Amino acid sequence: MRKYVMEAIGTFFLTIAIGLTGNALGIGLMLAAMIYTGMHISGAHYNPAVSFAYFVKRKITLNTFISYFLSQCLGAFAAAGVILFLANDVFYIEPPVATDIYQQGIVELLLTMVLVLAYLNIASNKVLASGKSYGLAIGLVLSGIIYLGDNVSGAIFNPAISIGVSIVDFLAIQGSSFEYIPLYTLAPFAGATLAALFYQYLND
């Protein structure tokens, strides 16, 4: 049970960082902090795409993946509610109007693949995983892909954040950000699948 609570807490604070700052470096550093906090408890996924890659690689069971997914969505939902209280405004997620769904989907897929590959390579490498910089390394990867993808897709790369935040948006003001859940869910899952297969091809 502790690992599911840790996944909810980590996703909660990651969502808080996104909603309150929107700053790529701040978001990456928050992820790094949560990785150091929870890696030994749950693996510090905080993202269903990462969890799905571990499921594809048969490192976790289907039941564990589903439990992680629900815990992560719950953490994002709670964070969106806290942001609504603190900012007195709804935090919602939508892609830029200057790009189309195909451009947005490709960026979400490719950059999620980069993030998941970082997780897989660092967590599966005993030398890298035992070093003190692994959390910071993954956090900076997230910062980097946010800088790259923000103007194209909104740079979410995390289905739980899209789902949790969209539910609060809908409940609070009947907002329509739920329309973008397929973009921020299907593309990251596809990217995670490619990352798992690519990692297996290169390393197994």
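Owing to the predicted nature of the structure, the values given are computational and were not obtained by experimental measurement. (Residues numbered from 1 in each chain as written. Predicted model: local features only at pLDDT ≥ 70, side-chain atom pairs only at ≥ 80, totals over all residues. Heavy atoms only, no water.)

Structural notes on empty space enclosed by the protein
Unfilled space is identified by rolling a water-sized probe across the atoms.
At step 1: Considering all chains together, one arrives at one cavity of 30 Å³ or more under this definition.
At step 2: Lining the largest cavity we find 17 residues, and of these Leu14, Asn47, Leu115, Leu142 and Asn158 sit closest to its centre.
At step 3: Put simply, the parts of the chain that give the lining of the largest cavity at least two residues each are α1 (2–20), α2 (24–42), α5 (101–124) and α7 (134–153).
At step 4: Within the lining of the largest cavity, the residues separate by chemical class into 14 nonpolar, three polar and no charged. (1 Å grid on protein atoms, 1.4 Å probe; cavity = no way out; pocket = protein on both sides within 12 Å on 5 of 7 lines; lining within 4 Å. Points joined across faces, edges and corners; volume = space filled by probe spheres on them. Helix = DSSP H or I, 4+ residues; strand = E, 2+ residues; numbered from the N terminus. Nonpolar A, V, L, I, M, F, W, Y, C, P; charged D, E, K, R; others polar.)

Let's talk about the packing of α2 against α7
At step 1: Relative to each other, α2 and α7 sit at 150°, their axes nearing to 7 Å. Looking at the two axes, α2 sits roughly antiparallel to α7. Crossing angle aside, the handedness with which α2 passes α7 is right-handed. Each of Ala24, Leu25, Ile27, Gly28, Leu29, Leu31, Ala32, Ile35, Tyr36 and Met39 in α2 lies in contact with α7, whose residues at this interface are Tyr134, Gly135, Leu136, Ile138, Gly139, Leu140, Leu142, Ser143, Ile146 and Tyr147.
At step 2: Of the residues contributing to the contact of α2 with α7, the split by class is 16 nonpolar, four polar and no charged. (Axes fitted to C-alpha atoms, helices over the stretch in contact; angles between N-to-C directions. Parallel < 35°, antiparallel > 145°, perpendicular 65-115°, else oblique. Left-handed = near helix turned anticlockwise from the far one by under 90°. Contact = heavy atoms within 4.5 Å.)

Describing the packing of aromatic side chains
At step 1: Scanning the entire structure with this criterion turns up 11 aromatic pairs.
At step 2: Measuring from centroid to centroid gives 5.9 Å for Phe65 and Phe69, while their planes differ by 40°, and the two rings are tilted. One end of the pair, Phe65, and the other, Phe69, are both in helix α4 (residues 62–87), four residues apart, so they sit about a helical turn from each other.
At step 3: Owing to a relative accessible area of 8%, Phe65 belongs among the buried residues under this scheme.
At step 4: Linked through ring pairs, Phe52, Phe55, Phe65, Phe69 and Phe189 together constitute an aromatic cluster. (Phe/Tyr/Trp six-rings, centres within 6.5 Å; stacked < 30°, edge-to-face > 60°. Buried < 20%, exposed > 50% of the residue type's maximum accessible area, 1.4 Å probe, protein only.)

Some details on the packing of helix α8 (residues 159–173) against helix α9 (residues 181–203)
At step 1: Here α8 crosses α9 at 165°, and the two axes come no closer than 8 Å. With respect to their mutual orientation, α8 and α9 come out roughly antiparallel. As for the relative orientation of α8 and α9, their crossing is left-handed in sense. Contact with α8, carried on its side by Pro159, Ser162, Ile163 and Ser166, involves Ile181, Tyr184, Thr185, Pro188 and Phe189 of α9 and no other residues of that element.

What to know about α8
At step 1: The end-to-end C-alpha separation of α8 is 21 Å, in line with the 21 Å expected for 15 residues at 1.5 Å each.
At step 2: Of all the positions in α8, only Pro159, Ala160, Ile161, Ser162, Ile163, Gly164, Val165, Ser166, Val168 and Asp169 are classed as buried.
At step 3: Those residues of α8 that are buried are in contact with α1, α3 (48–56), α4 and α9.
At step 4: Where α8 begins, the side chain of Asn158 points an oxygen toward the backbone nitrogen of Ala160, at a separation of 3.1 Å. (Expected span 1.5 Å × (residues − 1). Polar contact = N/O pair within 3.5 Å; in protein donor to acceptor, adjacent residues only side chain to side chain.)

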